[in-house]
Amino acid sequence: MHHGTAEQIREHRQRALDAAHPDRFTRRPRAPKLPDQAWINQPTQQDQTVSI
């Protein structure tokens, strides 16, 4: 999901979900929405404060 391709990947996933056995679902599955932020190691409140 690097280099701005996340929305394209999400659209591709949605097309795959739309094509997968449409007769099996009463409610169409949806690809997850993209998060506003993503962290590998989210800083804690303590890490964000700077002491001088």
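No experiment lies behind these values; they were computed from the predicted model shown. (Residues numbered from 1 in each chain as written. Predicted model: local features only at pLDDT ≥ 70, side-chain atom pairs only at ≥ 80, totals over all residues. Heavy atoms only, no water.)

A. Examining the overall build of the protein more closely. Looking only at helices and strands, the protein features 2 helices and 0 strands. Of the roughly 5,400 Å² of accessible surface on the protein, 52% is carried by carbon and sulfur atoms. (Helix = DSSP H or I, 4+ residues; strand = E, 2+ residues; numbered from the N terminus. Areas by Shrake-Rupley, 256 points an atom, 1.4 Å probe, with all protein chains shown as cover.)

B. Region of interest: the side chain of Q14. Mapped onto the fold, Q14 is located in helix 1 (residues 6–19). Leave out the neighbours within four places in its chain, and Q14 touches P29, R30 and A31. (Contact = heavy atoms within 4.5 Å.)

C. Structural detail: the side chain of R10. Assignment of secondary structure puts R10 in helix 1. With no salt bridge to any partner, buried R10 finds its closest opposite charge in E7, at an N-O distance of 4.3 Å. In contact with R10, other than residues within four places in its own chain, are A31, P32, K33 and L34. (Buried < 20%, exposed > 50% of the residue type's maximum accessible area, 1.4 Å probe, protein only. Lys, Arg positive; Asp, Glu negative; His and termini not counted. Salt bridge = Lys/Arg side-chain N within 4 Å of Asp/Glu carboxyl O.)

D. Expanded view of helix 1. Relative to the 20 Å expected for 14 residues at 1.5 Å per residue, helix 1 spans 20 Å between its end C-alpha atoms, a close match to the ideal helical length. Taken together, the buried positions of helix 1 are A6, R10 and Q14. The buried residues of helix 1 occupy one face: seen down the axis, they fall within an arc of 75°. Pointing more than 90 degrees away from the buried face of helix 1 are the exposed residues Q8, H12, R15 and A19. Phi turns positive, to about 40°, at H21, one or two residues after helix 1. (Expected span 1.5 Å × (residues − 1). Arc of directions from axis to C-beta.)

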